[in-house]
Amino acid sequence: MLREDEFRRAYRERVETETDQLLDEPTSEMVMLREPVARKSRRGYGIGIAAVLIAATGLLVGVPRLSTPTIDPAAPNPDTSASWPAAITAPGPFMFESIVGGELRDAGGCLALGDDLLVLSDEWSWDDTTGTLTYQPSGREFRLGDHVGGAGGGGGHLVDIQTVWDLQVPSACAAWEGNVALLSYPG
Amino acid sequence: METSVTSDEASAEIARFIAAHRRALVRLAVGICRDASDAEDLVQDTSVALVRNWQKVRNADFPFAYVRQIMVRTYMNHARTTEAPVLNASTVAQRAPDALDELEAIDAALSILQGLSPQARTVIALRYLDDLDDAAIAQILGISRSTVRVTAHRALKQLSIMRGPLRPRRTRRQD
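Residues numbered from 1 in each chain as written. Chains lettered and ligands numbered in written order. Predicted model: local features only at pLDDT ≥ 70, side-chain atom pairs only at ≥ 80, totals over all residues. Heavy atoms only, no water.

**Examining the overall build of chain B**
The condition is simple: In this description a helix means any DSSP run of H or I spanning at least four residues, a strand means any run of E spanning at least two, and both kinds are numbered starting from the N terminus. Using the Shrake-Rupley algorithm and a 1.4 Å probe, accessible areas are obtained, with residue cover drawn only from the displayed protein chains.
Regarding its fold elements, chain B presents nine helices and one strand. The N-to-C order of helical and strand elements in chain B reads α-α-α-α-α-α-α-α-α-β. If you sum the accessible surface of chain B, you get close to 9,800 Å²; carbon and sulfur atoms cover 50% of it.

Written out as structure tokens, the structure is:
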């Protein structure tokens, strides 16, 4: 028979060691993720996103959440309105959930969140006749200039996102060279 | 008194909160899940729930305790539908060595722990990692104190752990 105090000590030591290992992992990934690499592996890409997020926010452990590979990218009427930008959507939840936020703005014809091109989960709708972005489950609405924050996939380079998700980007922002922010729901 | 904050302030608060408690959350998740991958998922799910419920968390008397409860209940809800059948007592008894030295007994206990029910692992983690008493564990799990006590008793028995006062240390015979 093992004594309770012996078990407590050993159990704690084991858990602390495993915790250290887990908390160390994202740090080692973070360095390589800063490099602009095109990842073919979904899991690898998820880890990449996770590490970028950790670098930016220090929030989570570095766990990729794999989304379904059957992406249905819909660009609701990307070219039907001359006055409003287009929105890009993809089914959520995204691979990795963290906190994203920024000003909702028009980036050369597509919706952007701060400096990043915005990719929305399919729970969002964009009315390009009124310029209203709506989170359908709650009915919460946003307009250009509003701050939009919430949980999402964090981000990544558009080229990589397209490679992994086969995302169809409206022509208005097909040449986007920057990052994207993946937004699941408002926070 | 409840207060609300802007989304910018909330994001900053959440970032500070998770930065401050990240290790404790990961540690508890590791203790409960006994699997690194599952622990990562649990921390992630808990973090997402935290973001969604931030106003409640920040206005709670003990925000970390609130988030810990979110984690435990998230795990239990998930485990109810996904966990593989746990080892039964007879199986465990066959795996547990009878007379091994302390190191082997510890390894055996930690190995057997992985096969216990999610509720038993959670009780063990809350008791031996977070040092919570039966009443606090019962409140977190939403069960009675007696259920906690029985769960812990059975788990310790399966792990071949002897409760109670420490046995006297062996002393060298003075020659």
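**A short note on the packing of helix H7 (residues 118-128) of chain B against helix H8 (residues 134-141) of chain B**
All names here are of chain B. Keep this limit in mind: Each axis is a line fitted through C-alpha atoms, taken for helices only over the stretch in contact, and angles between the N-to-C directions span 0 to 180 degrees. Should an angle fall under 35 degrees it is taken as roughly parallel, and over 145 as roughly antiparallel, whereas 65 to 115 is taken as roughly perpendicular and any remaining angle as oblique. In a left-handed crossing the near helix is turned counterclockwise from the far helix by less than a right angle, and in a right-handed crossing that turn is clockwise. By definition, residues are in contact when any of their heavy atoms lie within 4.5 Å. Three classes are used: nonpolar for Ala, Val, Leu, Ile, Met, Phe, Trp, Tyr, Cys and Pro, charged for Asp, Glu, Lys and Arg, and polar for all others, with Gly counted as polar.
Packing of H7 against H8 brings their axes to within 10 Å, and their N-to-C directions diverge by 135°. Compared by their axis directions, H7 and H8 come out oblique. Viewed along their axes, H7 and H8 form a crossing whose handedness is right-handed. Here Gln119, Thr122, Val123, Leu126 and Arg127 of H7 come into contact with H8, specifically with Asp134, Ile137, Ile140 and Leu141. Grouping the amino acids of the contact of H7 with H8 by side-chain chemistry returns five nonpolar, two polar and two charged.

**So, the pairing of strand E8 (residues 140-143) of chain A**
All names here are of chain A. Defined as follows: Note on pairing: two strands pair once DSSP finds at least 2 bridges between them.
Direction of pairing for strand E7 (residues 132-135) relative to E8: antiparallel, over a ladder of four bridges. Within E8, the position partnered with Leu133 by the bridge is Phe142. Taking the residues between adjacent antiparallel strands as the criterion, E7 and E8 are bridged by four residues, where Gly139 takes a positive phi near 80°.

**As for H8(B)**
Residue and element names in this part refer to chain B. Basically, it comes down to this: Relative accessible area decides the class of each residue, using a 1.4 Å probe on protein chains only: under 20% of the type maximum gives buried, over 50% gives exposed, and in between gives partly exposed. Taken from the helix axis, the directions to the C-beta atoms give the arc we talk about.
Within H8, burial applies to Asp134, Ile137, Ala138, Ile140 and Leu141. Buried positions in H8, seen along its axis, are confined to an arc of 165° and lie on one side of it. Immediately beyond the C-terminal end of H8, within one or two residues, lies Gly142, with a positive phi of roughly 70°.

**Description of the confidence of the model for chain B**
Close inspection of predicted coordinates is inappropriate for parts of the model with low pLDDT. Residues and elements named next belong to chain B. How we decide: Confidence of the predictor at the level of single residues is given by pLDDT, which spans 0 to 100.
Considering every residue of chain B, the mean pLDDT works out to 79; 76% of them sit at 70 or more. Here helix H5 (residues 89-95) stands out as the least confident element of chain B, with mean pLDDT 42; H7 is the most confident, with 94. Listed scores for the predicted complex are pTM 0.52 and ipTM 0.79.

**Some thoughts on the environment of A:Val15**
One can find A:Val15 in helix H1 (residues 4-33). With residues near it in sequence (within four places) discarded, A:Val15 still touches B:Arg27, B:Val30, B:Gly31, B:Arg34 and B:Leu129.

**Details of the packing of H8(B) against helix H9 (residues 145-158) of chain B**
Residues and elements named next belong to chain B. For the pair H8 and H9, interaxial distance at closest approach is 8 Å and the crossing angle is 105°. By the angle between their directions, the pair H8 and H9 is classed as roughly perpendicular. Each of Asp134, Ala135, Ile137 and Ala138 in H8 lies in contact with H9, whose residues at this interface are Arg145, Val148 and Arg149. In terms of residue class, the contact of H8 with H9 is made up of four nonpolar, no polar and three charged.

**Considerations on the sheet that holds strand E6 (residues 124-127) of chain A**
Residues and elements named next belong to chain A. As summarised here, the arrangement of the three strands in space is E6-E7-E8, forming an open sheet in which the pairing is antiparallel. One side of each edge strand has no neighbouring strand; the edge strands of this open sheet are E6 and E8. Mean inter-strand twist for the sheet, computed between neighbouring axes without regard to direction, equals 25°.

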